[in-house]
Amino acid sequence: MTRLTGRALRVTVFVGETDLWQHKPLYSQIVGRAREAGLAGASVFRGIEGFGASSLIHTQRLLSLSEDLPVAVVIVDTEEKIRAFLPQLDELVGEGLVILDECEVIRYVGRAESA
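Since we're looking at a predicted model, the values are computed, not measured.

> Explain the nonpolar core residue by residue, including any values.
The biggest cluster of nonpolar side chains holds 17 residues, and the ones touching the most others in it are Val13, Ile30 and Ile75. In contact with Ile75, not counting residues within four places along its chain, are Leu9, Arg10, Val11, Ile30, Ala34, Leu39, Gly41, Ala42, Ile82 and Phe85. By size, the runner-up hydrophobic cluster in this structure holds 5 residues, among which are Ala8, Ala40, Cys103 and Val105.

> So what's going on with the sheet that holds strand β1 (residues 6-16)? Residues and values would help.
The 4 strands are arranged β4-β7-β1-β8 in an open sheet whose pairing can be described as antiparallel. On the outer flanks of this sheet lie β4 (42-46) and β8 (97-105), each paired with one strand and no other. Going from strand to strand, the sheet's axes swing by 20 degrees on average, the running direction of each strand aside. Across 9 bridges, the pairing between β1 and β8 is antiparallel. If you follow Phe14 over to β8, its bridge partner there is Leu97. Relative to strand β7 (residues 70-77), helix α1 (residues 26-36) is tilted by about 10 degrees, and along the sheet it contacts β1, β4 and β7. Lying over the sheet, helix α2 (residues 79-92) contacts β1, β7 and β8, oriented at roughly 20 degrees with respect to β1.

About the thresholds
- Residues numbered from 1 in each chain as written.
- Predicted model: local features only at pLDDT ≥ 70, side-chain atom pairs only at ≥ 80, totals over all residues.
- Heavy atoms only, no water.
- Core = buried A, V, L, I, M, F, W, Y, C linked by side-chain atoms within 4.5 Å.
- Buried < 20%, exposed > 50% of the residue type's maximum accessible area, 1.4 Å probe, protein only.
- Contact = heavy atoms within 4.5 Å.
- Pairing = 2+ DSSP bridges.
- Helix = DSSP H or I, 4+ residues; strand = E, 2+ residues; numbered from the N terminus.
- Axes fitted to C-alpha atoms, helices over the stretch in contact; angles between N-to-C directions.

Rendered as structure tokens:
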């Protein structure tokens with residue numbers, strides 16, 4: 001199990017829910033690659049409304065139901081591992097936003113494995 005405490009980096013990738021990479025959801029590809037790279041973890045969050053570089057608003061409000069809601073993929077690990085992973089994000093993310101910020105891991109504990 002990966003141990004992670006103290007200083008870390010958080011990379012957040014903002015893409016559209018319908019963005020694809022080789023006919024599969026882009027967010028799912030990012031999570032899969034993060035797992036393959038041995039990163040501590042990745043989570044995907046679906047937004048209810050937002051806009052990006054195109055300034056087109058995407059929303060889940062009933063009157064203007066969008067099929068391309070914003071999605072954020074958040075990955076946290078050591079600086080070394082995150083920076084090593086950035087070239088993969090550069091390959092995958094054609095449209096969107098990738099941000100990187102420092103954070104401090106206070107607690108990182110997984111579930112106990114079943115016997």
